[in-house]
There are 2 protein chains.
Amino acid sequence: MLDFPRMEKDAPQYETIRRHYLFAGLDDGVFEALAANISVEAYDKGEILFHRGDPAHDFFFTETGQVELSLISPEGQKKVVEVIGHDRTFAEAIVFMRERVFPVTAEAISDTVVYRIPNDTYRKMLSDDTDACMRLLSDVCRHLHQRVREIERLTIQNARSRLSSYLIDHVVDTDDDEATVRLDLPKHIIASRLSITPETLSRLLRSLADEGILTVDDRLIFVHSLARLRPYD
Amino acid sequence: MLDFPRMEKDAPQYETIRRHYLFAGLDDGVFEALAANISVEAYDKGEILFHRGDPAHDFFFTETGQVELSLISPEGQKKVVEVIGHDRTFAEAIVFMRERVFPVTAEAISDTVVYRIPNDTYRKMLSDDTDACMRLLSDVCRHLHQRVREIERLTIQNARSRLSSYLIDHVVDTDDDEATVRLDLPKHIIASRLSITPETLSRLLRSLADEGILTVDDRLIFVHSLARLRPYD
DNA sequence: AAGCCTGATTGACACAGGTCAAGGCACTTC
DNA sequence: GAAGTGCCTTGACCTGTGTCAATCAGGCTT
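Residues numbered from 1 in each chain as written. Chains lettered and ligands numbered in written order. Predicted model: local features only at pLDDT ≥ 70, side-chain atom pairs only at ≥ 80, totals over all residues. Heavy atoms only, no water.

### Quick look at the sheet that holds strand β10 (residues 171–175) of chain A
Residues and elements named next belong to chain A. In space, the four strands of this open sheet follow the order β10-β11-β13-β12, with antiparallel pairing throughout. Of all strands in the sheet, those bounded by a partner on one side alone are β10 and β12 (214–217). Adjacent strand axes in the sheet meet at a mean angle of 15 degrees, parallel and antiparallel pairs treated alike. Sheet topology note: the strand β11 (residues 178–182)/strand β13 (residues 220–223) ladder contains four bridges and is antiparallel. Residue pairing in the sheet places Arg182 in a bridge with Leu220 of β13. Docked against the sheet, helix α5 (residues 159–169) engages β10, β11, β12 and β13, running at close to 85 degrees with respect to β10. (Pairing = 2+ DSSP bridges. Helix = DSSP H or I, 4+ residues; strand = E, 2+ residues; numbered from the N terminus. Axes fitted to C-alpha atoms, helices over the stretch in contact; angles between N-to-C directions. Contact = heavy atoms within 4.5 Å.)

The structure is reproduced here in structure tokens:
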């Protein structure tokens, strides 16, 4: 991990993070004070940012790269909860958690640059700014809703339906009943996100292809019939 | 559903809800104004408070009874996400959701009295009170964390481990390695919360009993060895 | 070009947990 | 007290998905 201790005001990142909706509404002075406490860090692919259970003093903003948030069972089995990409914050919910430890493990799955934002600085800032508070609230509520939907997918949908949902969520181009999907992640990580094994993912794609519903070309998938792909009509 | 249009200031409920931590910090005047918009409703067992997808204008506080929050698959399969009991609020996250519809269905599973609190009134109140904002934030963050743990349970734990966790969470009395658990819900609802069928729940309890780990006496379970029950050592 | 990774695919097999059907037990209702 | 109803249990059977192992393809390294 490479650490650039402070974020300079003239750094190119300064404006990037400034524009993020959790910061966008802040007064210049307030943001500057906050920025003085934000540090920039670079991680290589495979490096761990933090482990589940580590004390959590900061949250993060991803400038470039991808960070995988995962849970690991005592037997060493891993489940990817979410993958955070460009221009997104993560672990911001622990700003307000009673238990001040990370509930997940974070690993860079490509070379990654993040900004580390201290919780207490941010919290102090919030206590003077109801608008910022409200923005964070709606952010956290959106996350909560996503998690409820995830639970729904895991329980009342089977593996095939979950894959269909995933594909539909990642359509890059659509034309009536046809669509193109670009897989932005290695298949084994997609499998883990869907809580299936890579083998099952491979077999599911195979059987969808055999049914003529789609064609797989490496990381590109051509869906020939969204209607037939869709889990329920 | 029986509706008592307004909450009277001398109603016995007034103090109950006043003490809830989402309201406790409010000034008397502010709370009174809010209370003027809170209505009290009584539901019989089996009645639906709202369906998933219904427009969400209010959130709720449960005074007595139990409310089941569930997801229903297109095939009619139901998954209980959570059961809300006495003195707890629910659906408070939709106060800040972009999409203003309930993400779950709520059904009274016993005779229930709830207070209905309008979102916009509460939101308006929040915009003047950073402390209240912070409290709600930590509340929602706690929920979020619970959901992450639930996802963990569903994915990297099997049915037996999930049952063990549930039992351990519901211990009413413990003595060294032994414990007593009281099941506060009908078994079929517990099964759904654990995302298993009632048949599987029954069989799991049976096999734990056969292994001598516990004894089942109707709604009371005597755990003879917490160590052997516990999913991981 | 040869050798190595890492990731993806395929096949054979196993098993956890679901489905379907039957029956038991405790309550209520008439 | 007969019949009905809701909840739980048990058995027989089935199936989706995981496990294990072998193979393959593509991209790096030397």
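The structure having been displayed, the exposition proceeds.
### Some points on the protein's contact with DNA strand C
Taken together, 15 residues sit near DNA strand C, with Lys187(A), Arg206(A), Ala159(B), Thr200(B) and Arg203(B) positioned nearest. Across the atoms of DNA strand C situated within 4 Å of the protein, the share located in sugar and phosphate is 67%. One nitrogen or oxygen atom from the main chain of Lys187(A) is found 2.7 Å from a phosphate oxygen belonging to DNA strand C. Thr200(B) places a polar side-chain atom, nitrogen or oxygen, 2.6 Å from a phosphate oxygen of DNA strand C. Elements with a contribution of two residues or more to the surface near DNA strand C: α6 (187–193) and α7 (198–210) of chain A together with α7 (198–210) of chain B. Take the surface near DNA strand C: its biggest share by element is four residues, from α7(A). For the surface near DNA strand C, a count of residues per class yields three nonpolar, six polar and six charged. (Near = heavy atom within 4 Å. Polar contact = N/O pair within 3.5 Å; in protein donor to acceptor, adjacent residues only side chain to side chain. Nonpolar A, V, L, I, M, F, W, Y, C, P; charged D, E, K, R; others polar.)

### Observations concerning the sheet that holds strand β8 (residues 105–108) of chain A
What the four strands build is an open sheet, ordered β3-β8-β5-β6 (chain A); its pairing is antiparallel. Across the chains shown, the open sheet's two edge strands, defined by having one partner strand only, are β3 (48–50) and β6 (78–84) of chain A. Adjacent strand axes in the sheet meet at a mean angle of 30 degrees when their direction is disregarded. As judged from the six bridges shared by strand β5 (residues 67–72) of chain A and β6(A), these two strands associate in the antiparallel manner. Bridge pairing links Glu68(A) to Val83(A) in β6(A). The strands that helix α4 (residues 130–156) of chain B touches are β5 and β6 of chain A; relative to β5(A), the one it contacts most, it runs at about 65 degrees.

### What about the pairing of strand β2 (residues 39–43) of chain A?
Residue and element names in this part refer to chain A. Most of β2 is tucked away: five of the five residues are buried. Side-chain alternation along β2 places Ser39, Glu41 and Tyr43 on one buried face and Val40 and Ala42 on a second face that is also buried. Sheet topology note: the β2/strand β9 (residues 112–118) ladder contains five bridges and is antiparallel. Residue pairing in the sheet places Tyr43 in a bridge with Thr112 of β9. (Buried < 20%, exposed > 50% of the residue type's maximum accessible area, 1.4 Å probe, protein only.)

### A closer look at the domain arrangement of chain A
Residues and elements named next belong to chain A. Annotation of chain A at the domain level lists domain 1 (2–155) and domain 2 (159–232). Taking the mean C-alpha position of each, domain 1 and domain 2 sit 29 Å from one another. At the junction of the two partners, domain 1 supplies 12 residues and domain 2 supplies 10 residues. In total, about 850 Å² of surface goes out of reach between domain 1 and domain 2, with carbon and sulfur atoms giving 52% of it. Looking at the side of domain 1 facing domain 2, the largest losses of area belong to Val80, Arg153 and Leu154, adding up to 46% of the total buried there. In this assembly, domain 1 and domain 2 are joined by one salt bridge. Run the count over domain 1 and domain 2 and you get six residue pairs in polar contact (both at pLDDT 80 or more). For the side of domain 1 that touches domain 2, the elements supplying multiple residues, two or more each, are β6 and α4 (130–156). At six residues, β6 tops the list of elements feeding residues into the side of domain 1 that touches domain 2. For the side of domain 1 that touches domain 2, the per-class residue count stands at five nonpolar, one polar and six charged. (Domains from an automatic or database assignment. Buried area = accessible area lost by both parts, 1.4 Å probe. Salt bridge = Lys/Arg side-chain N within 4 Å of Asp/Glu carboxyl O.)

### Observations regarding the environment of Asp27(B)
Here Asp27(B) is to be found in the loop between α1 (12–19) and α2 (28–35). It is 28 Å that separates the C-alpha atoms of Asp27(B) and Arg98(B), two residues lying 71 residues apart in sequence.

### Quick look at the environment of Arg135(A)
Residue and element names in this part refer to chain A. Residue placement: Arg135 occurs in helix α4. Along the primary structure Arg135 and Phe23 are separated by 112 residues, whereas in three dimensions their C-alpha atoms are 9.2 Å apart. Among all residues touching Arg135, those that are not within four sequence positions of it are Tyr21, Leu22, Gly25 and Leu26.

### Structural notes on the relation of the copies chain A and chain B
Structural alignment of chain A on chain B gives an RMSD of 0.1 Å, achieved by rotating through 180 degrees and translating 0.0 Å along the axis. The symmetry that links the two subunits is that of a two-fold axis. Here 100% of the interface residues in chain A have copies in chain B that are interface residues too; the copies meet face to matching face. (Least-squares fit on C-alpha atoms with pLDDT ≥ 70 in both.)

### Focus: the protein's contact with DNA strand D
Around DNA strand D lies a shell of 15 residues, among which Ala159(A), Thr200(A), Arg203(A), Lys187(B) and His188(B) are the nearest. By atom count, sugar and phosphate contribute 68% of the portion of DNA strand D lying within 4 Å of the protein. Contact between DNA strand D and Ser202(B): a sugar or linking oxygen at 3.2 Å from a side-chain N or O atom of the residue. Arg203(B) has a polar side-chain atom sitting 3.0 Å from a base nitrogen of DNA strand D. Put simply, the parts of the chain that give the surface near DNA strand D at least two residues each are α7 of chain A together with α6 (187–193) and α7 of chain B. Here the surface near DNA strand D gets four residues from one element, more than from any other, and that element is α7(B). Here the surface near DNA strand D is composed, by residue class, of three nonpolar, six polar and six charged.

### Notes on the packing of aromatic side chains
Residue and element names in this part refer to chain A. What the rule picks out here adds up to 16 aromatic pairs over all chains. An angle of 70 degrees between the planes, with centres 5.8 Å apart, marks the rings of Phe23 and Tyr122 as edge-to-face. Of this pair, Phe23 sits in the loop between α1 (12–19) and α2 (28–35) while Tyr122 is found in helix α3 (residues 119–126), placing the two residues 99 residues apart along the sequence. Side by side, Phe23 and Tyr122 carry an identical accessibility label, which is buried. Taken together through their ring pairs, the aromatic side chains of Phe23, Phe31, Phe59 and Tyr122 make up a single cluster. (Phe/Tyr/Trp six-rings, centres within 6.5 Å; stacked < 30°, edge-to-face > 60°.)

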